[in-house]
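# Structural description and commentary
The residues making up each chain are set out below.
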Amino acid sequence: MKVYLAQMKPHLGVVEKNIDEMVKFIERAIEDSAELVLFPELCLTGYLLEDLVYDLASSKIPKELLELSKKVSIIFGGVELSNDFYVYNTAYYLENGELKGKHRKVYLPTYGMFDEGRYFKSGDSIKAFDTKFGKIGMLICEDAWHQSSHQILAQDGANYIFVLTSSPARVVGENLEIAHSWDSILKSSAICNSVYVAMCNRVGVEDGCSFWGGSSVFEPSGKQLLKMNYFSEDMKLVDLKVDAVKRARFSSPVARNEKLDLILREFNRINTTSDN
């Protein structure tokens, strides 16, 4: 699977302008024979929306993106308005002109500079789903900091995990600690679950907050296949070959040997104990 990571700089609250920018990235990807384009979290709207969340929430997929998905599959993030009028931070997967899968962000950070729990409803499921490339899974930013999220997707049959992020740089300098933390999380997931893990982070500045980019891809062996620029828009193609998944699962069958019954039993014990 040839994947283009579109490390873009969304415009806060200006959906039509963001769609235009996304179309340019997608058309470039099509020219370069990409099969899937991965965008960041909330690339359709920008991140620090606050009360704009309710104005920009939509139940519709932009027709321009649906049309282009007939030529290349697309993963992107936006503000979803559900049928019961709740608002979610959602990742969408488009293929052959249709919405084939979506993931509503489960873990909403509400600490430090983050206040997502005030505006969004939390998703309540983490599932892999079928695509023309086989089973994939999607996570959104904070979801990926929970090891269980990756394990659920891998045990549900995903060969590829795509992570959409809007990760801010808390300290700017040569030693970008948040970038090292992200690489450690992604590498660990790839090795322990025998999957590809691709993370696309945004760039740009919103209300004084800088987003650092540095999008990256790890193969199931833990090798980093791609590392993108910090603090500037970037777009790169990477080939995710399924043979690497097969080799990893044969040579190091860690994921195969997970004892799900034991995990469920022990988590249930811990949960029951903590309730008391």
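This one's a predicted model, so the numbers in the text were calculated from it and none came from an experiment.

Looking now at the nonpolar core. The biggest cluster of nonpolar side chains holds 49 residues, and the ones touching the most others in it are Leu38 and Phe162. With sequence-adjacent residues up to four places away left out, Phe162 is seen in contact with Met1, Val3, Leu36, Leu38, Ile75, Ile136, Gly137, Met138, Leu139, Ala198 and Leu240. If you look at the next biggest cluster of nonpolar residues, it comprises 23 residues, including Ala6, Ile19, Val37 and Phe39.

Let us look at a negative patch on the surface. On the surface, a cluster of negative charge is made up of Glu50, Asp51, Asp55 and Asp207. For Asp207, the position within the fold is in the loop between strand 10 (203–206) and strand 11 (209–212). A relative accessible area of 73% places Asp207 in the exposed class.

Our focus in this paragraph is the pairing of strand 7 (residues 134–140). In terms of residue burial, strand 7 counts as a mostly covered element, since five of its seven residues are buried. Pairing analysis gives three bridges linking strand 6 (residues 129–131) to strand 7, with the strands arranged antiparallel. Residue pairing in the sheet places Thr131 in a bridge with Gly134 of strand 7. In this structure, the hairpin formed by strand 6 and strand 7 is closed by a connection of two residues.

When we look at a pair of aromatic rings, we describe it by the centre distance and by the angle of the planes. The full count for this structure, using the stated rule, is eleven aromatic pairs. Ring centres 6.4 Å apart and planes at 15 degrees place the aromatic pair Tyr160 and Phe162 in the stacked group. Look at Phe162 and you get buried, because its relative accessible area is 0%. Clustering of aromatic rings is evident, with ring pairs tying together Tyr160, Phe162 and Tyr196. For the cation-ring pair, Lys121 lies above Tyr86, with the distance from its terminal atom to the ring centre recorded as 4.0 Å. Of note, Arg202 hangs over the ring of Phe211, and the distance from its end group to the ring centre comes to 4.1 Å.

The rules behind the values
- In this numbering scheme, every chain counts its residues from 1 along its sequence in written order.
- Local features are withheld for residues below a pLDDT of 70 in this predicted model, meaning they are given only at 70 or higher, and side-chain atom pairs are given and counted only at 80 or more; totals for whole chains, interfaces and linings count all residues.
- With hydrogens and water excluded, all non-hydrogen atoms of the structure serve as input to the side-chain values.
- Note on terminology: a nonpolar core comprises buried Ala, Val, Leu, Ile, Met, Phe, Trp, Tyr and Cys residues joined through side-chain atoms within 4.5 Å.
- Only protein chains enter the accessibility calculation, which uses a 1.4 Å probe; a residue whose area is less than 20% of its type maximum is buried, one above 50% is exposed, and one in between is partly exposed.
- By the convention used here, residues are in contact when the closest approach between their heavy atoms is within 4.5 Å.
- A patch consists of residues whose relative accessible area exceeds 30% and which take part in no salt bridge; residues with like charges are grouped when within 9 Å of each other, and nonpolar side chains (Val, Leu, Ile, Met, Phe, Trp, Tyr) when within 5 Å.
- With residues, only the protein chains shown are counted as cover, and all accessible areas are computed by Shrake-Rupley using a 1.4 Å probe.
- Any carboxyl oxygen of Asp or Glu that lies within 4 Å of a side-chain nitrogen of Lys or Arg is treated as forming a salt bridge with it.
- Residues counted as positive are Lys and Arg, residues counted as negative are Asp and Glu, and His and the chain ends are not counted.
- Lysine's charge is taken at NZ, arginine's at CZ, aspartate's at CG and glutamate's at CD.
- Secondary structure follows DSSP: runs of H or I at least 4 residues long count as helices, runs of E at least 2 residues long count as strands, and numbering of each begins at the N terminus.
- If DSSP finds at least two bridges between two strands, the strands pair.
- Each aromatic pair joins two rings of Phe, Tyr and Trp (for Trp, the six-membered one) with centres within 6.5 Å, and gets the label stacked for planes under 30 degrees apart, edge-to-face for over 60, and tilted for any other angle.
- Note on criteria: charge over ring means Lys NZ or Arg CZ within 6 Å of the ring centre, with the direction from the centre no more than 35 degrees off the ring normal.

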